[in-house]
Amino acid sequence: MGGVSFLSTVPSFTNTTNHQHLTTLSSSSHRSAVIRCCKIEPQVSGESLAFHRRDVLKLTGTAMGMELIGNGFINHVGDANAADLNQRRQRSELQSKIKITLSSAIKAKPELVPSILKLALNDAMTYDKATKSGGANGSIRFSSELSRAENEGLSDGLSLIEDVKKEIDSISKGGPISYADLIQLAGQSAVKSTFLASAIRKCGGNEEKGNLLYTAYGSAGQWGLFDRNFGRSDATEADPEGRVPQWGKATVQEMKDKFIAIGLGPRQLAVMSAFLGPDQLATEQLLATDPQVAPWVQKYQRSRETVSQTDYEVDLITAFTKLSCLGQQINFEAYTYPVERINLSKLKL
């Protein structure tokens with residue numbers, strides 16, 4: 001790093017109308033800056049032109065501060081940036097392994113997709129806005145919560161997630177994956193599987209062409225914010241009972257009320273219809289009886305008939321991303337671990 005000029009930081013000692021002879025010289029052979037103050041011939045009398053001790057101290061302090069910045073601060077910033085990039089890489093690598101494992105597990109058991117979607121929904125739906133409690137915290141894993149009426153039929157989906165957790169925990173260098181994270185990531189994989197299945201159907205059942213269609217026109221690039229919110233904490237006990245409706249028995253008004261209570265609304269209720277039960281069309285037929293929800297149901301049904309179904313996919317990803325973070329303070333350093341540094345002095349050449 002060359003010499004640092006800090007002329008702009010020097011305190012004003014004289015009236016700006018006078019000729020000043022304060023110059024700053026940068027030494028090409030030294031890292032520090034050198035200041036030379038030449039004799040000043042005052043044009044007017046008075047105390048305003050006098051140098052005071054505090055001014056000299058200010059000038060000295062400025063020089064020392066600039067020297068510290070030049071020599072050390074930039075190096076510390078570089079180390080911090082490197083550490084941050086390393087943590088991001090570690091988290092990204094683990095998340096990629098989780099996604100691959102979940103995708104394979106769900107592909108082997110596609111019949112569990114509805115169960116996994118509702119599992120992700122109901123775990124997050126325990127959120128209470130007034131008390132800031134509940135939410136996507138993995139509490140649904142506790143038998144006292146899983147056995148409730150609204151969670152009937154979800155045990156097989158949870159079993160798949162537990163199997164994946166064992167596999168991921170065995171390879172994770174940054175500690176075990178939380179149930180809270182894994183349940184929502186399983187929901188993401190299940191959503192993606194429905195998007196891909198739709199593309200394959202539009203290609204007459206040809207899996208290869210369906211994959212190409214989804215790659216070309218799908219919404220894979222819309223998951224960025226969802227992926228970043230990785231580092232949820234697990235609850236230590238079941239969430240309070242009575243916060244989640246029995247979707248198969250609830251009226252549309254009850255469903256709307258619940259979605260509104262957690263900060264969503266009729267639009268999100270319509271786009272998340274696949275989460276509410278195994279028969280999406282039957283669910284949408286019920287939702288369409290409500291004048292507030294019906295326009296959105298129709299919008300997303302039309303979107304699903306298009307090649308890209310962009311409106312449906314993007315709005316579903318947006319709603320699910322918001323749902324999946326309810327009640328959480330994301331730990332953006334979760335699953336990171338220190339990297340052992342190589343001691344070059346011990347290397348034998």
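Structure first, text after, so check above.
An account of the accompanying structure is given in this report. (Residues numbered from 1 in each chain as written. Predicted model: local features only at pLDDT ≥ 70, side-chain atom pairs only at ≥ 80, totals over all residues. Heavy atoms only, no water.)

1. Topic: the side chain of R91
One can find R91 in helix α1 (residues 53-108). As a buried residue without a salt bridge, R91 has its nearest oppositely charged side chain in D181, at a separation of 6.6 Å. Side-chain polar atoms of R91 contact the backbone oxygen of A334, separated by 3.1 Å. Beyond its immediate sequence surroundings of up to four residues, R91 is in contact with R228, F230, N331, F332, E333, A334 and T336. (Helix = DSSP H or I, 4+ residues; strand = E, 2+ residues; numbered from the N terminus. Buried < 20%, exposed > 50% of the residue type's maximum accessible area, 1.4 Å probe, protein only. Lys, Arg positive; Asp, Glu negative; His and termini not counted. Salt bridge = Lys/Arg side-chain N within 4 Å of Asp/Glu carboxyl O. Polar contact = N/O pair within 3.5 Å; in protein donor to acceptor, adjacent residues only side chain to side chain. Contact = heavy atoms within 4.5 Å.)

2. As for the packing of helix α11 (residues 294-304) against helix α12 (residues 310-323)
In contact at an axis separation of 6 Å, α11 and α12 are set at 120° when each is read in the N-to-C sense. Taken together, the axes of α11 and α12 lie oblique to each other. Along the contact surface, α11 presents K299, Y300, S303 and R304, while α12 presents T310, D311, Y312 and D315. A class-by-class count of the residues in the contact of α11 with α12 yields two nonpolar, two polar and four charged. (Axes fitted to C-alpha atoms, helices over the stretch in contact; angles between N-to-C directions. Parallel < 35°, antiparallel > 145°, perpendicular 65-115°, else oblique. Nonpolar A, V, L, I, M, F, W, Y, C, P; charged D, E, K, R; others polar.)

3. A few points about the environment of L269
Relative to the assigned elements, L269 resides in helix α9 (residues 266-271). Distance from L269 to K258, taken between C-alpha atoms, is 9.5 Å for residues 11 residues apart in sequence. Beyond its immediate sequence surroundings of up to four residues, L269 is in contact with V252, M255, K256, F259, L276, L287 and V293.

4. Description of the packing of aromatic side chains
In total, this model carries nine aromatic pairs according to the counting rule given. On the numbers, 5.3 Å between centres and 50° between planes, the contact of F275 with F320 is tilted. On the criterion of sequence distance, the pair formed by F275 in the loop between α9 and α10 (280-287) and F320 in helix α12 is long-range, its members being 45 residues apart. The burial state of F275 is the same as that of F320; both residues are buried. Aromatic ring contacts, followed pair by pair, group F195, W296, Y300 and Y312 into a single cluster. Of note, K165 hangs over the ring of Y179, and the distance from its end group to the ring centre comes to 5.1 Å. The residue whose ring lies beneath R304 is Y312, and the NZ or CZ to ring-centre distance is 5.0 Å. (Phe/Tyr/Trp six-rings, centres within 6.5 Å; stacked < 30°, edge-to-face > 60°. Lys NZ or Arg CZ within 6 Å of the ring centre and 35° of its normal.)

5. What about helix α4 (residues 155-169)?
Between the first and last C-alpha of α4 there are 21 Å, a value that for 15 residues agrees with the 21 Å anticipated at 1.5 Å per step. Among the residues of α4, those classed as buried are G157, L158, L160, I161, V164, K165 and I168. Mapping the buried residues of α4 onto a view down its axis gives an arc of 155°, with all of them on the same face. (Expected span 1.5 Å × (residues − 1). Arc of directions from axis to C-beta.)

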